[in-house]
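Chains, contacts and geometry: an overview
So the chains spell out like this:
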Amino acid sequence: MNEKALKTLEYNKIIEQLTTHASSPMGKDLCAKLLPSQDIGEIQTMQQQTADALSRLFKKGSTSFGNAKDVRASLKRLEIGSTLGIGELLLISGLLENCARAKSYGRHDQEDEAEDSLDIFFQSLEPLTPVSTEIRRCILSEDEISDDASSTLRQIRRSIKLTNDRIHTELNRIVTSSGKDYLQDSLITTRNGRYCIPVKNEYRNQVSGIIHDQSSTGSTLFVEPAAIVKLNNDIRDLEGKEQEEIEVILARLSEEVAGYTEEISTNLSMLVQLDFAFARGALAMEQNGSQPIFNTNGYIELRNARHPLIDKKKVVPIQVTLGKDYNLLIITGPNTGGKTVSLKTVGLLALMGQAGLHIPAGDHSQLSVFHQVYADIGDEQSIEQSLSTFSSHMTNVVSFLEQVDEHSLVLFDELGAGTDPTEGAALAIAILNVLHERGIRTMATTHYSELKLYALSTPGVENGSCEFNVETLSPTYRLLIGVPGKSNAFAISSKLGLPDYIIAKAKEQISEEAESFEDVITNLEDSRRSVENERLELEQLRAQIEALKEKLENKNDKLEERKEKMIRQASEEARRILQEAKEYADQTMRDFRKFGKENISAADLEKSREQLRKKMSGVEKNLSMKPAAKTGNLQAKDLHLGDSIRVLSLNIKGTVSSLPDSKGNLFVQMGIMRSKVNIKDLELVDEVTISTPGLTRTSAGKIKMSKSNSVGIEINLLGKTVDEAIAELDKYLDDAYLAHMPSVRIVHGKGTGALRKGVHNYLQKQKHVKSYRLGEFGEGDAGVTIVEFKK
């Protein structure tokens, strides 16, 4: 891919964004060197890897490959038998630990989850946990080897510590005994790695030992007392042995790592490739990109494409097609209308796609594999080369024409500009016609009306325009295919305050044909807007119809489900009743047979027959149709507080909670739900008469259980789980509310607070609860909750 096109289309800025998402140095290097490919197989492989990385990022979040440092030089040294240093071994340990994290991240959460294109990289990782663990055990940091690295090292360091202790003991004795007389200060110091004491110069002969240094004034000498010379020598000897043992440990670790150089090299390569793939996935997530579909027939279809370097909150998506019904697209319109951005968007997305990057466009967008992309965009005049704007553009055009083929994409911005308009338009038409006849995919922007006419009159060439709102004097940046654009120079000038008589004189300078052509474009634009508005209205109507259709289907599904449930329940009830009847009949027949054989009296037989008759009567009663409830035009006088009713529209039973108002609206309590309904949507329901103490007779003449006689003012939830407590509390609150109790007391205890929290969370969601609070002193404190109901 030519460097000029990459620079012109700002491909390098995309690569800079991509590099920031890589976490390893080698991964960043791969990103920085990424170029568009011409191999469709390679492109599709990279696109699939990007898609799979993006999918994993959405499912599991990001992961880091930052410890995948370049250890190839260390591995080469191991192959020739060298010993690695502490830092090198730590880098290899960090690499192996990164492998372990990456391999864990790469495992699928579900066994039946399908494999993706990145599995081969994750499966190739060998964490070599024993190796990395051994390195970490022996090496604490780049400056410290662990005492536990070997028993010999531990023994040497113990000896060093003991010797140091003996030296300090001896020196402290000397300082204490002669500190005031001979010493400058009562302290212990070191010179050249040996312990010394500061002796006054005039008492140098009073302290036996070796002078290692003196102060700048010469008044103080740093003397190593003779009593510790041997001990200092021992320290030096032990330090030498310590260093030798460290070399032995590093050699042992290097030898152990050397057996896995091939695996470590593979790990490094796999981690870098994964870092590269996940960087592409992270960029796709940032840009809200999608995987394009690639072809080799030169067809481009971009849906809702956005320029990736423009703020996605501000950029206006465009729809572009090229290479199917036409291979040349000429875009016209006013300046700053978005023509150049559209051109750059197509070129840059083509480069990104061929580099294996997702593109900021809608799903199912299509791109072709181009061997080269040529772009002549912007003002490239050169003072040094004495080239004008026109000359610089024409130089590019000449080079393009020498190199393009049917696998190229060519982009021209303001082709033919910078010279006489008549000649420039003629040159532009000639150049575009040559490319068109050769079947080369080309996009060009222009202000020339001649190119609009060329597009209208030439098969395989299409007009396009960037929409401009004359009323607001601002572009909408929408790209319209099939409609030539207007420069709108007269309209813009008029809006900006240019006198009408000047505009009228300007119009006189335009030929009748040109003015007629502009009028045709204006009419086409008006027609397009009208059609667009009608299309939007139709889409809205279609959406409403689909919503209504879906709602009706859901309603029908629910009715069918309810119908099937009712039939199933009725069948089960009938089967149960018939089974009981059959059992009674069988028992009676057995009794009848025994009548002649055993001493069964006629009275007993008659008693059995009477029981059978009663049972059959009960069966007939249960299977018969129940009398219809009172339905239809209820009047306000028919309803009383506490009456049982059914809400027809919901098919739910409830009780009357308030009397109807002037409009017939009243409140109905349905379980824990209290709802306002109209009297026309109600029917009275006859309740079963029960002869039980504690009953009250309603004013409608029906007998109903009185909740107030059976519901206490307190419920005890101690010892229950949250789920058990909530289930019991739900029924209790329903009963208490129906009994018109003003408040109740819930005992949940203090404990860990889990039960109290669960109760309070449940109370927050209950509409019939006015308020709740913890108990005060004397009410149970934090172990109880007081609940008040709405009236």
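None of these values were measured; they are calculated from a predicted model.

Attention now goes to the overall build of the protein. For the protein, the helix and strand inventory stands at 21 helices and 27 strands. Taken across its 791 residues, the protein has 40% of its residues classed as buried. Counting only contacts in the protein whose residues sit at least 6 apart along the sequence, the fraction spanning at least 24 positions is 66%. A total accessible area of about 44,400 Å² is found for the protein, and carbon and sulfur atoms account for 51% of it.

The subject of this paragraph is unusual backbone geometry. Despite not being glycine, Glu 10 shows a phi value in the positive range, around 65 degrees. Here Glu 10 is to be found in the loop between α1 (3-8) and α2 (11-20). Of note in the backbone geometry, Asn 304 takes a positive phi value of approximately 50 degrees without being a glycine. Tracing the backbone shows Asn 304 in strand β8 (residues 300-305). The exposure class of Asn 304 is partly exposed, given its relative accessible area of 38%.

With that settled, consider the sheet that holds strand β4 (residues 194-200). Strand order in the open sheet formed by 4 strands is β3-β4-β6-β5, with antiparallel pairing between adjacent strands. Here the strands that pair on one side only, and so sit at the sheet edges, are β3 (189-191) and β5 (209-214). Each adjacent strand pair in this sheet contributes to an overall mean axis angle of 50 degrees, direction not counted. Judged from the 4 bridges that link them, β4 and strand β6 (residues 220-225) form a sheet pairing that is antiparallel. Looking at β6, one finds that Val 199 is bridged to Leu 221. Against the sheet, helix α10 (residues 229-258) contacts β4, β5 and β6, and its axis sits at roughly 145 degrees relative to β4.

A few words on the sheet that holds strand β26 (residues 769-774). Here 4 strands make up an open sheet; going across it, the order is β24-β25-β27-β26 and the pairing mixed. On the outer flanks of this sheet lie β24 (714-716) and β26, each paired with one strand and no other. Between one strand axis and the next, the sheet turns by 20 degrees as a mean value, whatever way the strands run. Across 3 bridges, the pairing between β24 and strand β25 (residues 743-747) is parallel.

A few words on the packing of aromatic side chains. By the definition in use, this model includes 7 aromatic pairs. Ring geometry for Phe 122 and Phe 278: centres 6.3 Å apart, planes at 75 degrees, overall edge-to-face. With a gap of 156 residues between them, Phe 122 in helix α7 (residues 119-123) and Phe 278 in helix α11 (residues 261-287) connect regions that are remote in the sequence. In terms of burial, Phe 122 and Phe 278 fall into one category: buried. The structure contains a cluster of three or more aromatic residues connected by ring pairs, namely Phe 65, Tyr 105, Phe 122 and Phe 278. The ring of Tyr 105 carries Lys 60 above its face, with NZ or CZ at 5.6 Å from the centroid. The side chain of Arg 280 reaches across the aromatic face of Phe 276, ending 4.6 Å from its centre.

This paragraph deals with the nonpolar core. Grouped together as the largest cluster of nonpolar side chains are 46 residues, with contacts concentrated most on Leu 18, Leu 34, Leu 302 and Leu 409. Every residue in contact with Leu 18, bar those within four places of it in the chain, is listed here: Cys 31, Leu 34, Phe 276, Ala 279, Arg 280, Leu 283 and Leu 357. Counting residues in each nonpolar core, the second largest holds 44 residues, with Ala 102, Ile 249, Val 257 and Ala 277 among its members.

Turning to empty space enclosed by the protein, a few remarks are in order. Within this structure, the stated rule accounts for 1 cavity of 30 Å³ or more. Within this model, the largest cavity holds a volume of roughly 50 Å³. In terms of lining residues, the largest cavity is bounded by Asp 376, Phe 390, His 393, Met 394, Val 397, Asp 413, Glu 414, Leu 415, Gly 416 and Ala 417. Here the lining of the largest cavity takes 4 residues from helix α13 (residues 389-403), the largest share from any one element. Tallied by class, residues from the lining of the largest cavity come to 5 nonpolar, 2 polar and 3 charged.

For the rest of this paragraph, the subject is the confidence of the model for the protein. Overall, the prediction assigns the protein a mean pLDDT of 82, with 83% of residues at 70 or greater. Between residues 381-387, whose pLDDT stays under 50, and residues either more than four places distant or in other chains, the model counts 6 contacts. Long-range and interchain partners of residues 688-709, a stretch whose pLDDT sits below 50, account for 32 contacts in this model, where long-range means more than four residues apart.

When you line up the elements, Asp 119 lands in helix α7. Look past the residues within four positions of Asp 119 in its chain and what remains in contact with it is Arg 56, Gly 106 and His 108.

This part takes up a negative patch on the surface. Together, Glu 546, Glu 550, Glu 553, Asp 557, Glu 560, Glu 561 and Glu 564 give the surface a local cluster of negative charge. Take Asp 557: it is sitting in helix α18 (residues 512-597).

Below, the discussion takes up the pattern of salt bridges. The tally for this structure, following the rule as stated, stands at 25 salt bridges. When the shortest N-O distance is used, the salt bridge between Glu 301 and Arg 303 registers 3.2 Å.

Taken together, the side chains of Leu 498, Tyr 501 and Ile 502 present a nonpolar region at the surface, about 280 Å² in accessible area. Mapped onto the elements, Leu 498 comes out in the loop between α16 (489-495) and α17 (500-508). Looking at Leu 498, the relative accessible area reads 34%, which means it is partly exposed.

Before going further, it helps to spend a moment on the side chain of Asn 164. Within the fold, Asn 164 resides in helix α9 (residues 151-182). Leaving out residues up to four positions away in the same chain, Asn 164 has contacts with Tyr 195 and Ile 235.

Two elements in contact, α2 and helix α3 (residues 25-32), have axes separated by 9 Å at closest approach and are oriented at 165 degrees. Considered as vectors, α2 and α3 are oriented roughly antiparallel to each other. Read as a crossing pair, α2 and α3 show a hand that is right-handed. Facing α2, whose interface residues are Ile 15, Leu 18, Thr 19 and Thr 20, α3 presents Lys 28, Cys 31 and Ala 32.

About the cut-offs
Residues numbered from 1 in each chain as written. Predicted model: local features only at pLDDT ≥ 70, side-chain atom pairs only at ≥ 80, totals over all residues. Heavy atoms only, no water. Helix = DSSP H or I, 4+ residues; strand = E, 2+ residues; numbered from the N terminus. Buried < 20%, exposed > 50% of the residue type's maximum accessible area, 1.4 Å probe, protein only. Contact = heavy atoms within 4.5 Å. Areas by Shrake-Rupley, 256 points an atom, 1.4 Å probe, with all protein chains shown as cover. Pairing = 2+ DSSP bridges. Axes fitted to C-alpha atoms, helices over the stretch in contact; angles between N-to-C directions. Phe/Tyr/Trp six-rings, centres within 6.5 Å; stacked < 30°, edge-to-face > 60°. Lys NZ or Arg CZ within 6 Å of the ring centre and 35° of its normal. Core = buried A, V, L, I, M, F, W, Y, C linked by side-chain atoms within 4.5 Å. 1 Å grid on protein atoms, 1.4 Å probe; cavity = no way out; pocket = protein on both sides within 12 Å on 5 of 7 lines; lining within 4 Å. Points joined across faces, edges and corners; volume = space filled by probe spheres on them. Nonpolar A, V, L, I, M, F, W, Y, C, P; charged D, E, K, R; others polar. pLDDT = per-residue confidence, 0-100. Patch = residues over 30% accessible without salt bridge, like charges linked within 9 Å, V, L, I, M, F, W, Y side chains within 5 Å. Salt bridge = Lys/Arg side-chain N within 4 Å of Asp/Glu carboxyl O. Lys, Arg positive; Asp, Glu negative; His and termini not counted. Charge placed at Lys NZ, Arg CZ, Asp CG, Glu CD. Parallel < 35°, antiparallel > 145°, perpendicular 65-115°, else oblique. Left-handed = near helix turned anticlockwise from the far one by under 90°.

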